[in-house]
Amino acid sequence: MCGIFGLITNKKELPIAKLIREGLERLEYRGYDSAGIAIVNKGKIELRKNAGRIADINKEGWFDAMEGDFGMGHTRWATHGPPNAQNSHPHLDGADKIAVVHNGILENFMELREELITRGHSFKSDTDTEVFPVLIKEFLDSGMALKEAVVATINKCKGAYGIVVCHADTPDTMIVARKESPLTIGITPGETTYCASDIPAFLPLTRMAYILDDDEIAVLNPGKVAIFDVIKGNKIEREPITVEWSIDAAAKVLDGKEYKWFMHKELHEVPRKVREQVNVPQENIDDFVKTILDAEHVYITAAGTAFYACLAGKFQMTRFGGPFMTPIECSEFKDHLPKMPKNSCVITVSQSGETADTIEAVRYAREKFGAKICSVVNVVGSSLTRYSDHVLITTAGPEIAVASQKAYCTQVTALSVVALRIAEIQGKMSQEEIDKYREALIATADVGDVILKREDAIKAVAQIISKKINFFFLGRGLSMAAAYEGALKLKEISYNHAEAYPAGESKHGPIALINEGYPVVFVAPPDETYDRLIGNIMEMKSRGATIISVVADFDERVTEISDYTLRVPIENNKYAIAMSIVPFTFPLQIMAYFASDHNGLDPDKPRNLAKSVTVK
Ligand code: M6R
């Protein structure tokens, strides 16, 4: 939920502070309440931190002017204590010799803090993090070396952490450790070592990386990494991985064109990412599918946008012969299922693979009830991939905008591929039919291209509706996945209040809110729900609602009764219609983007949000 970046090098000419600041900026999507940097300079720690975004704090080059040998930085999404300078990371021990940055939440910090206060220590912040440097100091004072002191400290801590530690008197050494919060290490052998909350943060600097596992600690020296198992104490031999991702992800440029926002650039990546998703050879898709088919009970879970991708995926998998599946938001999973039946399978979806609620649901199902876990994940090597029996990797690549869009589109596409494989394995549909559905799925990427070519038409609608305060997003069946996603996008980046409802359900209460000009967005594909949806549109229209509909290009009836339409250029056949959930969602994501931009907001970093929610 916060971003961590550290750097240690023997190339003394490197602008250390600037590189740390730039690394933090690449992680700002993880939190942007405050930021800070600590640098070890000739046996002293120089610390600068403040509330606000990095660019504002560094306006006069405040961070870049810092000098020293090595250091670390942090960009915060506040959990314990308001976002002010004091609560910003890094935090120091009482003697200003040890600096720590932390991502995660310590569950027993109150207890530890009280213990430390009774032993004469004092604290400057409200954070849980500050107990780390203070505890480390105690262990160092008792005669331990730095690594042993960090191990002793984390052994006392309950909860989640990714931490970086440095000591003013321990030159050229940083310690990192993790439990349930991500931490990756980058290396230019013999020269420089980086640590960061995710790989894209150091991608412009190196492609060679190590991913730290839970209960591991690493000692970082310039261009050198040594990893240890915290529980067993032994050294772990691990080969670095080479990261293939493009570093373009870190810039707002696509095909030579500079975009104002990452969100807009990433929307323009959607068609190619969907195309890659359909064509990517997923080696273990059959094991993934068989695990679903062999289970007696199947659950599907995720958070936010990923949960809406689950709703679409569930519909498609069941439609193509898969079992009935129970969808549960992962934050509700444990509370909804105090017991799980034997032989259960949990399908889960996540962009980051680090969402704490998702990890909790998966670990609960797996460790307590022996459920099999099938995950659809974007970030290779993320925590979720480690808790899963089978993983399908999505092809979205790094997604910088906090609000998810290409991740949703590739997740739904990946689950549609699974659905078609289910049909093949079940053998109840002819191969010719399945191939036609697959061709239609591939064609959704071309539909996306055309939608983008005509995005000005969506922009015009977005500008008209952007000042409205309240919205309904209504659909039926599969379209509900688009209605939920459209409403979430509009509220999270444009701050319009938007509620998604099953269209038929809207007359059981919500319709009371409708008055003249109230905007109601209908997702209206020409599928089996179409005629009944028209009835729901008429109910709203006759009460004065302004009707905005997402319709097929060839649509006439809904178009006639709508005030505005967002048009989807799908072919008029049952295959294209059945596979059109991404094309019918995409215009709503684009509309939300343009509404946000028109309202003068920052669609990349919406207030109070962070890309990866690593707290429960
Ligand atoms: O990384 P994940 O896919 O697990 O994240 C899940 C949600 O937190 C995420 O989709 C969130 O709802 C975004 N703000 C949606 O735009």
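Keep in mind it's a predicted model, so treat the numbers as computed, not measured. (Residues numbered from 1 in each chain as written. Predicted model: local features only at pLDDT ≥ 70, side-chain atom pairs only at ≥ 80, totals over all residues. Heavy atoms only, no water.)

1. A look at the site of the ligand
Our working definition: Nearness here has a simple test: a residue counts as near a molecule or strand if at least one of its heavy atoms is within 4 Å of that partner. By the criterion applied in these results, polar contacts are pairs of N or O atoms within 3.5 Å in which, for protein atoms, one can donate a hydrogen and the other can accept it, and in which residues neighboring in sequence qualify only through two side-chain atoms. Using the Shrake-Rupley algorithm and a 1.4 Å probe, accessible areas are obtained, with residue cover drawn only from the displayed protein chains. Only DSSP runs of H or I reaching four residues or more are called helices, and only runs of E reaching two or more are called strands; each is numbered from the N terminus. Note that Gly is not counted as nonpolar here; it falls among the polar residues with everything else outside the nonpolar set of Ala, Val, Leu, Ile, Met, Phe, Trp, Tyr, Cys and Pro and the charged set of Asp, Glu, Lys and Arg. The start and end points of each domain follow an automatic or database-based domain assignment.
With respect to spatial proximity, 13 residues lie near the ligand, and among them Ser 350, Gln 351, Ser 352, Thr 355 and Glu 492 are the closest. Between an oxygen atom of the ligand and a side-chain N or O atom of Ser 350, the distance comes to 2.6 Å. Relative to its unbound accessible surface of 410 Å², the ligand loses 91% to contact with the protein. Looking at the shell around the ligand, the elements with two or more residues in it are α8 (304–319) and α15 (479–494). Classifying every residue of the shell around the ligand gives four nonpolar, seven polar and two charged. Among the domains, domain 2 (254–429) and domain 3 (449–601) are the pair contributing at least three residues each to the shell around the ligand.

2. Details of the pairing of strand β18 (residues 297–302)
To be explicit about the condition: Exposure categories follow from relative accessible area, calculated using a 1.4 Å probe and restricted to protein chains: below 20% of the type maximum is buried, above 50% is exposed, and the middle band is partly exposed. Should DSSP find at least two bridges between two strands, the strands are regarded as paired. Crossover handedness is defined by viewing with both strands directed away from the observer: a clockwise path from the first strand over the helix to the second marks the crossover as right-handed.
For β18, the buried fraction is high: five of the six residues fall into the buried class. Note: β18 against strand β20 (residues 344–350), five bridges, orientation parallel. From the neighbouring strand, Thr 301 faces β20, where its bridge partner is Thr 348. One ladder, built from five bridges, connects β18 with strand β19 (residues 325–329); its direction is parallel. Residue pairing across strands places Tyr 299 opposite Thr 326, the latter belonging to β19. For the segment spanning β18, α8 and β19, crossover handedness is right-handed.

3. Let's talk about helix α5 (residues 146–156)
Basically, it comes down to this: Note on contacts: a residue pair is in contact if any heavy atoms of the two residues lie within 4.5 Å.
The buried fraction of α5 is high, at eight of eleven residues. Of all the residues in α5, the buried ones are Leu 146, Lys 147, Ala 149, Val 150, Val 151, Ala 152, Thr 153 and Ile 154. The inward-facing, buried residues of α5 contact α4 (131–141), β7 (161–167), β8 (174–179), β12 (216–221) and β13 (224–229).

4. Let's talk about the sheet that holds strand β26 (residues 546–552)
What counts here: The axes used here are C-alpha line fits, helices contributing only the stretch in contact, and every angle between their N-to-C directions lies in the interval 0 to 180 degrees.
The strand order across the open sheet formed by five strands is β24-β23-β25-β26-β27, and the pairing between neighbours is parallel. The open sheet is flanked by β24 (497–502) and β27 (564–568), the only strands paired with a single partner. Taken over all neighbouring pairs, the strand axes of this sheet differ in orientation by 20 degrees on average, direction set aside. Pairing between strand β23 (residues 470–475) and strand β25 (residues 519–524): three bridges, direction parallel. Directly across from Leu 474, in β25, lies its bridge partner Phe 522. Set on the sheet, helix α14 (residues 455–465) makes contact with β23, β26 and β27; between it and β27 the angle comes to about 150 degrees. Of the strands in this sheet, β23, β25, β26 and β27 touch helix α19 (residues 581–598), which is tilted by about 130 degrees from β27.

5. Details of the sheet that holds strand β14 (residues 235–236)
Taken together, seven strands build an open sheet; the order of strands is β5-β6-β7-β8-β12-β13-β14 and the sheet is antiparallel. The open sheet has two free edges, formed respectively by β5 (91–92) and β14, since each of these has just one partner strand. In this structure, β7 lies alongside β8, joined through six bridges in antiparallel fashion. Each bridged residue has a counterpart across the sheet, and for Ile 163 the counterpart in β8 is Ala 177. On top of the sheet, α4 reaches β5, β6 (98–103) and β7; it is set at about 135 degrees to β6, its chief contact. Across the sheet, α5 is in contact with β7, β8, β12 and β13; its angle to β7 comes to roughly 150 degrees.

6. Concerning the side chain of Glu 216
Tracing the backbone shows Glu 216 in strand β12. Among the polar contacts made by the side chain of Glu 216, one reaches the main-chain amide nitrogen of Asp 213 at a distance of 2.9 Å.

7. Considerations on the domain arrangement of the protein
Heads up, the rule is: Buried area adds together the accessible area that both of two parts lose upon being put together, with accessible area traced by a 1.4 Å probe. Only one rule defines a salt bridge in this text: a Lys or Arg side-chain nitrogen within 4 Å of an Asp or Glu carboxyl oxygen.
Once the domains are mapped, the protein shows domain 1 (3–243), domain 2 (254–429) and domain 3 (449–601). One C-alpha centre belongs to domain 1, the other to domain 2; they are set 32 Å apart. Contacts between domain 1 and domain 2 engage ten residues on the former and ten residues on the latter. Interface of domain 1 and domain 2: buried area, both sides summed, is about 800 Å²; carbon and sulfur atoms make up 49% of it. Counting the contacts that link domain 1 with domain 2 gives two salt bridges. On inspection of domain 1 and its partner domain 2, the count reaches four residue pairs in polar contact (both at pLDDT 80 or more). Among the residues making up the side of domain 1 that touches domain 2, the classes are represented as six nonpolar, no polar and four charged.

8. Brief notes about the packing of α15 against α19
The condition is simple: Between 65 and 115 degrees an angle is taken as roughly perpendicular, under 35 as roughly parallel, over 145 as roughly antiparallel, and anywhere else as oblique. By convention the crossing between two helices is left-handed if the near helix lies anticlockwise of the far one by an angle smaller than a right angle, and right-handed if it lies clockwise.
At a minimum axis distance of 9 Å, the contact between α15 and α19 shows a crossing angle of 15 degrees. The angle between α15 and α19 places the two elements in the roughly parallel class. At the point where α15 passes α19, the crossing takes the right-handed sense. Facing α15, whose interface residues are Ser 479, Ala 481, Ala 482, Glu 485, Gly 486, Lys 489, Leu 490, Ile 493 and Ser 494, α19 presents Ile 581, Phe 584, Thr 585, Leu 588, Gln 589, Ala 592, Tyr 593, Ala 595 and Ser 596. Of the residues assigned to the contact of α15 with α19, the class counts are ten nonpolar, six polar and two charged.

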